[in-house]
Amino acid sequence: MKRRSWFLNLSATAGFIFLYAPIVALIVYSFNKSKLVTVWGGWSLKWYTELFNNDQIIEAAWLSVKIAFISASLAVVLGTLAGYAMSRFGPFRGKMILSGWVTAPLVMPEVITGLSLLLLFVAMERIFGWPSGRGTGTIIIAHTTFCMAYVAVIVQARLSSMDESLEEAAMDLGARPSSLFFLVTLPLIAPAIISGWLLSFTLSLDDLVIASFVSGPGNSTLPMVIFSKVRLGVTPEVNALATLMILIVAVGVIAAMYQMRRQARLLERLDNN
């Protein structure tokens, strides 16, 4: 047992070092005074000041957040409806086709998805005159398309594991289908919907390949701007931006862990009483 424990501890330590050592190095070098990323020149907040004075990065960040928020919200609505239809409507004509269309973006390479959407937008503009060019609207449509698949799978899994007797009891008490969905089903699948929204927001914010196909001039998202800068060499501004994003994620994770522990303590107190 001691040998096994020693091996597991060593493996876990090596794994954590492999995962987090580059992140720690990035954070440290974001405070580097030198213009050269790999040459240490002393501690400084210079590049954070340069970052907040960089209008291109700030505008790209706000655009990415706006696109991610709208795309995640639309994906939650459409994905929830699709997941509910596949889980609760039983066998119906075209169910297999619907399931294939919904889950296709999960296994489709992003290059193929981006190229197909680009061709679709070009054909629609030629036939209907909309959308007139590529921009924020086409990015939102594209992100909603592939984020919806993740939401549908999460909601469908939650509905499949949910106790249907609760819905049957509500129907026996006279609940209409609309009231049943909004008063019983929706609160029960709310954690899955929130998880789907958060996952969709992250995927949209992080997407580079699909956005590169369907975006137009003046509508570069934050990943596109970062990628264009990294191609010419990593700059200390990118390190500062990455450090701020890591800080935001860390604060969110710590807040979620604190809330989960608080709820666990509250449930423990209720059980003891």
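Draft legend 1. Quick peek at the nonpolar core. Core analysis: the biggest nonpolar cluster contains 24 residues, and Leu117, Val155, Leu159, Ile189 and Val214 have the highest contact counts within it. Listed by contribution, the elements that provide at least two residues to this core are α3 (55-88), α5 (110-128), α6 (136-161) and α10 (209-214). A per-element tally of this core places α6 first, with nine residues. Among all residues touching Val155, those that are not within four sequence positions of it are Thr80, Ile189, Ala192 and Ile193.

Draft legend 2. Broad picture of the side chain of Thr138. For Thr138, the location among the structural elements is in helix α6. Among the polar contacts listed, one links the side chain of Thr138 to the backbone oxygen of Val214, at a separation of 2.6 Å. Ignoring sequence-local partners within four residues, the contact set of Thr138 consists of Phe121, Pro131, Gly133 and Val214.

Draft legend 3. Expanded view of a nonpolar patch on the surface. Taken together, Phe16, Phe18, Leu19, Tyr20, Ile23, Val24, Val28, Trp40 and Trp43 make up a surface patch of nonpolar side chains, about 980 Å² in accessible area. Along the chain, the position of Val28 falls in helix α1 (residues 2-29).

Draft legend 4. Fine view of α3. The terminal C-alpha atoms of α3, which comprises 34 residues, lie 49 Å apart, in line with the 50 Å expected from a rise of 1.5 Å per residue. Looking at where α3 begins, the residue whose side-chain oxygen comes 3.1 Å from the main-chain nitrogen of Gln56 is Asn54.

The rules we used
For every chain, the first residue of the written sequence is number 1, and numbering continues from 1 along that sequence. Local features in a predicted model are, by the rule used here, given only for residues with pLDDT of at least 70; side-chain atom pairs are given and counted only at 80 or more, and totals for whole chains, interfaces and linings are based on all residues. Hydrogens and water are ignored here; the side-chain numbers use all heavy atoms of the structure. The definition of a nonpolar core used throughout is a set of buried Ala, Val, Leu, Ile, Met, Phe, Trp, Tyr and Cys residues joined through side-chain atoms within 4.5 Å. Using a 1.4 Å probe on the protein chains alone, a residue whose accessible area is under 20% of its type maximum counts as buried, one over 50% counts as exposed, and one in between counts as partly exposed. For the purposes of this entry, the term helix denotes a DSSP run of H or I that reaches at least four residues, the term strand denotes a run of E that reaches at least two, and both are numbered from the N terminus. The contact rule is simple, with two residues in contact once any of their heavy atoms fall within 4.5 Å. Throughout this description, a polar contact denotes any pair of N or O atoms lying within 3.5 Å of each other; where both atoms belong to protein, one of them has to be capable of donating a hydrogen while the other can accept it, and for residues adjacent in sequence the pair is counted only when both atoms sit in side chains. Excluding any residue in a salt bridge, patches collect residues exceeding 30% relative accessible area, merging like charges within 9 Å and nonpolar Val, Leu, Ile, Met, Phe, Trp and Tyr side chains within 5 Å. Computed by Shrake-Rupley with a 1.4 Å probe, the accessible areas treat only the displayed protein chains as cover when residues are assessed. Whenever a carboxyl oxygen of Asp or Glu lies within 4 Å of a side-chain nitrogen of Lys or Arg, that contact is scored as a salt bridge. Take the residue count of a helix, subtract one, and multiply by 1.5 Å to get its expected span.

That is the geometry; function is a separate question.
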